[in-house]
2 protein chains.
Amino acid sequence: MSVTAEEIMATYEDLAKLEAEFDNVETETIRYQYKISKDLYVKRAEVIAKINDFWPLVFEQAPMDIDEHIQPADSAVLLGAIKDFKVERFEIDNPVEGGDPRSVSFRFEFNENDHFEDKVLEKKFWWRHGKDGSIGYCSEPVEIKWKEGKDLTNGLLSLAKAAFDEQKAAPKKEGKEKKELGKAAAALKKKMEDHEGEVSFFAWFGFVGDYVTAEENAEVVAKKKTGVEFPLEDAEMADGGDDEDDEDWEDEEDLEIFPVGDDVAMALADDLWPNALKYFTHAQEEEGLSDVEYESGDEEEEEDGEGAAAKPKQKKHKKACAHGCEH
Amino acid sequence: MSVTAEEIMATYEDLAKLEAEFDNVETETIRYQYKISKDLYVKRAEVIAKINDFWPLVFEQAPMDIDEHIQPADSAVLLGAIKDFKVERFEIDNPVEGGDPRSVSFRFEFNENDHFEDKVLEKKFWWRHGKDGSIGYCSEPVEIKWKEGKDLTNGLLSLAKAAFDEQKAAPKKEGKEKKELGKAAAALKKKMEDHEGEVSFFAWFGFVGDYVTAEENAEVVAKKKTGVEFPLEDAEMADGGDDEDDEDWEDEEDLEIFPVGDDVAMALADDLWPNALKYFTHAQEEEGLSDVEYESGDEEEEEDGEGAAAKPKQKKHKKACAHGCEH
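Computed from a predicted model, the values in this text were never measured in an experiment. (Residues numbered from 1 in each chain as written. Chains lettered and ligands numbered in written order. Predicted model: local features only at pLDDT ≥ 70, side-chain atom pairs only at ≥ 80, totals over all residues. Heavy atoms only, no water.)

Draft legend 1. Up close: the pattern of salt bridges. On inspection of all chains with the given rule, the structure shows 36 salt bridges over all chains. In this structure, the salt-bridge partner of A:Arg107 is A:Glu109, at a minimum N-O distance of 3.1 Å. Connected through salt bridges with shared partners, the residues A:Asp23, A:Glu26, A:Asp100, A:Arg102 and B:Lys278 form a single ionic network. (Salt bridge = Lys/Arg side-chain N within 4 Å of Asp/Glu carboxyl O.)

Shown next, in the form of structure tokens:
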């Protein structure tokens, strides 16, 4: 089939329009689901507050996308000290200019533990549109007050924070100069090169991504609504073409201490959080008897197996896991 | 905190009710999304019909959950001969008793190819509730008319179909007898033990899962609506307890030629299908110039780089991939 250049252009324009419409469907669906499930999440929080070890058991059963990043040393504190966990779509409830229902925050509450002083760690992921045409999650590094000699990230997280602050404070540079690394960024680069072994789950708190400010995002979203396309052809040309751009981008990527941080955020928000009850049930099935039951100290349980009635009704549930897979 | 057995029971009952309510939210959300995106999918089909190699390029960029099952030998036919692909929520449009919006069908249309005679392969996954408390996808094996010596599954698929038909035709057996394998099942078991190397993607057409008939599902769904809980305690006891059950279950699992078939179905339905435009855009970016452009034969393109204007506007899109990851 032979097609003209005009036909190709028209087809690509149709595709771009369709993509925008599919994007609207996605955000509308998130808003709808949020609306019909909001009260249910409040009820769930009330019930799980009565269950010891709810979140430790859920994180123990975390889907692979999350679990593969939890190192043995992380388990002790993440599974041992997590007290509460909360996910919020913070730009639905508090609309901001250019805000998106996909923007999501994670609040971890911890018990007193050997590794850090913080009782709460909270990280936000903003869904933002960049002038260069990029769309996706970005975040800011969150510091952890490690106890002496207990930094599970081996200094990576605090350097990621320092490098981010340094870059934010620095005046915008143009052209070649862009590629010179600041002091903190250089130290981070070296630390990353020297780092041996697996990276701690807690390095996730250092994820930045393709950083877009709230102002830039608001500007791009407003222009997109009027039909302006991004990236602007002129901006692209002025920038010296694709090759140079790619190098900048690779530089940024080089300083990402937890490159798949946005994937982990999505797995936490779209899987672990909505399916927490299923993961908990699955954990119960694996353990046979839950900690809660052990603690009840009801002697009848031992007598004739009646204690089993306290277990969840659904047994063996091949598909109990939200992924339909076996852990 | 010390809790009584009654309190534990009450908490588990609350959890079970919450799980049911979360399940309702999920199905309502699927219905809503289906409603607001139905026309859009029709429009998309019209646009992509104009693009050569749309589906081959999308499958080439398939998310890891799918891609890891596409063996080199599969690529030639799957990516080389796929002409059209369609996903339908067939129990939304054609409601049946106990039907679920999660039930999904996959229709692959192929060009003439070296491996099989079929022009269309269609596989259905039903979301069903079993009397034993199981909930999840099940399916029926779909045969492929392989050309002489071209069976990519090396006989596994046709034996899976034969074993399924055999089991369906056999009268329901009780107790110990259950464990005797039929002739086809025994042949399948042997074939699976002898099979060397990776299993073809086409073995996915043989996935069965925890098979629940339409009648059993309708009965369980109807009873659940009246508040009856599954599994029934009596049924469990009559069955001789958990251990024996587990063995049965393992036997079934042993004869599954593509154990993660339901995961792949979910990845196709919930990721590849809704995000097909993103995967296509991503493929375009990777290839620089698409086949369509090569075929247009417009000489102007070569002259001064204007041909690039026919490429999608969004370049480099770090998050263009629906997973936010790099392939």
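From this point on, the discussion continues.
Draft legend 2. A look at helix 11 (residues 261-272) of chain B. With ten of twelve residues buried, helix 11 of chain B lies mostly within the body of the structure. Turning to helix 11 of chain B, its buried residues are B:Gly261, B:Asp262, B:Asp263, B:Val264, B:Ala265, B:Ala267, B:Leu268, B:Ala269, B:Asp271 and B:Leu272. (Buried < 20%, exposed > 50% of the residue type's maximum accessible area, 1.4 Å probe, protein only. Helix = DSSP H or I, 4+ residues; strand = E, 2+ residues; numbered from the N terminus.)

Draft legend 3. View of the packing of helix 1 (residues 5-48) of chain A against helix 12 (residues 276-287) of chain B. One can describe the packing of helix 1 of chain A onto helix 12 of chain B by two numbers: an axis separation of 10 Å at closest approach and a directional angle of 135 degrees. As judged from the angle between their axes, helix 1 of chain A and helix 12 of chain B are oblique. Where helix 1 of chain A crosses over helix 12 of chain B, the handedness of that crossing is left-handed. From helix 1 of chain A, A:Tyr12, A:Leu15, A:Leu18, A:Glu19, A:Phe22 and A:Glu26 reach across to helix 12 of chain B, where they touch B:Leu277, B:Lys278, B:Phe280, B:Thr281 and B:Gln284. Broken down by class, the residue content of the contact of helix 1 of chain A with helix 12 of chain B amounts to six nonpolar, two polar and three charged. (Axes fitted to C-alpha atoms, helices over the stretch in contact; angles between N-to-C directions. Parallel < 35°, antiparallel > 145°, perpendicular 65-115°, else oblique. Left-handed = near helix turned anticlockwise from the far one by under 90°. Contact = heavy atoms within 4.5 Å. Nonpolar A, V, L, I, M, F, W, Y, C, P; charged D, E, K, R; others polar.)

Draft legend 4. Focus on the confidence of the model for chain A. All names here are of chain A. For chain A, the mean per-residue pLDDT works out to 81, and 77% of the residues sit at or above 70. Long-range and interchain partners of residues 233-250, a stretch whose pLDDT sits below 50, account for 20 contacts in this model, where long-range means more than four residues apart. Long-range and interchain partners of residues 289-327, a stretch whose pLDDT sits below 50, account for 90 contacts in this model, where long-range means more than four residues apart. (pLDDT = per-residue confidence, 0-100.)

Draft legend 5. Region of interest: helix 6 (residues 156-169) of chain A. Residue and element names in this part refer to chain A. End to end, helix 6 covers 20 Å across 14 residues, agreeing with the expected 20 Å (1.5 Å per residue, within 8%). Restricting attention to buried positions, one finds in helix 6 the residues Leu156, Leu157, Leu159, Ala160, Lys161, Ala163 and Phe164. The inward-facing, buried residues of helix 6 abut strand 4 (135-139) and helix 7 (183-194). (Expected span 1.5 Å × (residues − 1).)

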